[in-house]
Amino acid sequence: MSGPIVVDSVVALRAQIRDWRQAGLKVAMVPTMGALHDGHISLVRIALEKADRCVVSIFVNPTQFAPTEDLDKYPRQLARDLNRLREAGAQLAFTPGVAEMYPTGFATKISVGGPSSGLETDFRPTFFEGVATVVAKLFLQATPDCAVFGEKDYQQLCVVRQLCRDLDLHVEIVGAPTVRDAHGLAMSSRNAYLNEAELVVARKLNVVLRQAAAQLATGADEASTMSGAAEALSSAGFRKVDYVAAREAMTLAPWRRGREGRLLAAAWLGATRLIDNVEVSPA
Ligand code: AMP
């Protein structure tokens, strides 16, 4: 099987997509920051079920990193990524450099309200501006029919849906279930930062979240369940818990009992920040 066509300019990306469109083919997009793992590959598979062609962007987007964050050490492994995309059957990899996406003089930011308020934004105040701006650019560059995003980054998925709705971007957003290792740890490019001892602790995150979600679903008090979950994470070995919070599944407004919910958390292990979330069934 031949590998994906690799393009690093918007002009070449548009030319390839135009050819596919002229041939009547449907195009799906999977935006990523590379260091591809089975979670990303699951998105490619879903994309290929939804469309005839899949374009995967690989771009470590500097505007979604705060100056104190891990932009410089974020894993970059393009040759390995392209190999994984070949195995998965993606037809096009878009690998722009920073100057292609943000040429000198670039001066636009997209700020999404609604689901971006709270949670990640309380700790990474400029993160969703960076995400929304780059996703809007990718959609305008590639004009895909649909795009697949992981529920692993649940708040991001909600923000992208809001962005498309508000700006009439006309891209169907497909949410994909979180792929986990045998211990339930959500796959993440940042798991590569964890040592063996930290991995053991990291695997407790999903366990604590699932227990707390089960307690909520059987009527436990929300505030004490949340503080109990945060304490359980600290005793398991997490250095700091940024948040554990129950929200409405669609809007991320405060959760009301009897409604579809989502329990979301972010916590630190050494210098690595992990996020995860699970469903809360209506009690
Ligand atoms: P990233 O490269 O971390 O920006 O992620 C690119 C896309 O892959 C996003 O839509 C993520 O939500 C998704 N993703 C990351 N990890 C997982 C996972 N474990 N399972 C499913 N999707 C994931």
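As the structure is a prediction and not an experimental result, all values here were calculated from the model. (Residues numbered from 1 in each chain as written. Predicted model: local features only at pLDDT ≥ 70, side-chain atom pairs only at ≥ 80, totals over all residues. Heavy atoms only, no water.)

A.B. asks: Help me understand the site of the ligand, please; the structure alone is not making it clear to me.
C.D. replies: Around the ligand there are 17 residues in total, and His40, Gly150, Asp153, Val179 and Met187 lie nearest to it. Separating an oxygen atom of the ligand from a backbone N or O atom of Met33 is a distance of 2.9 Å. The contact in question runs from a nitrogen atom of the ligand to an N or O atom on the backbone of Val179, over 2.8 Å. Within the complex, the protein chains bury 93% of what would otherwise be the 490 Å² of accessible surface of the ligand. Going through the elements one at a time, strand S2 (27–32), helix H2 (38–50) and strand S5 (146–150) are the ones with two or more residues in the shell around the ligand. Ranked by residue count, the leading element in the shell around the ligand is H2, at three residues. For the shell around the ligand, the class distribution of residues is eight nonpolar, seven polar and two charged. (Near = heavy atom within 4 Å. Polar contact = N/O pair within 3.5 Å; in protein donor to acceptor, adjacent residues only side chain to side chain. Areas by Shrake-Rupley, 256 points an atom, 1.4 Å probe, with all protein chains shown as cover. Helix = DSSP H or I, 4+ residues; strand = E, 2+ residues; numbered from the N terminus. Nonpolar A, V, L, I, M, F, W, Y, C, P; charged D, E, K, R; others polar.)

A.B. asks: Looking at this structure, how should I read the pattern of salt bridges?
C.D. replies: Two side chains that carry opposite charge are able to pair once their charged atoms sit near each other. All told, the structure shown has 14 salt bridges when counted by the stated rule. Linking Arg262 and Glu151 is a salt bridge whose minimum nitrogen-to-oxygen distance equals 3.3 Å. Of this pair, Arg262 sits in strand S8 (residues 261–269) while Glu151 sits in the loop between S5 and helix H7 (154–166), and the two are 111 residues apart along the sequence. Overall, the relative accessible area of 8% leaves Arg262 in the buried class. Each of Glu69, Glu120, Arg124, Lys240, Asp242 and Arg273 takes part in a single network of salt bridges with overlapping partners. (Salt bridge = Lys/Arg side-chain N within 4 Å of Asp/Glu carboxyl O. Buried < 20%, exposed > 50% of the residue type's maximum accessible area, 1.4 Å probe, protein only.)

A.B. asks: Sorry, what's going on with the domain arrangement of the chain here?
C.D. replies: Interface size, as often reported, equals the accessible area lost upon joining of the parts. When the domains of the chain are assigned, the result is domain 1 (5–176) and domain 2 (189–278). Between domain 1 and domain 2, the C-alpha centre-to-centre distance is 26 Å. With 21 residues of domain 1 in contact, the opposing surface of domain 2 contributes 18 residues. Roughly 1,800 Å² is buried in total at the junction of domain 1 and domain 2, and carbon and sulfur atoms are behind 53% of that figure. The largest per-residue losses of area from domain 1 upon contact with domain 2 belong to Leu119, Phe123 and Tyr154, which jointly make up 37% of the total buried on that side. There are three salt bridges connecting domain 1 and domain 2. A salt bridge links Glu120 to Arg273; the nearest nitrogen and oxygen atoms lie 2.8 Å apart. The interface formed by domain 1 and domain 2 contains 11 residue pairs in polar contact (both at pLDDT 80 or more). Of all elements in the fold, only helix H5 (120–123) and H7 reach the threshold of two or more residues within the side of domain 1 that touches domain 2. At three residues, H7 tops the list of elements feeding residues into the side of domain 1 that touches domain 2. When the residues that make up the side of domain 1 that touches domain 2 are grouped by side-chain class, the tally is nine nonpolar, five polar and seven charged. (Domains from an automatic or database assignment. Contact = heavy atoms within 4.5 Å. Buried area = accessible area lost by both parts, 1.4 Å probe.)

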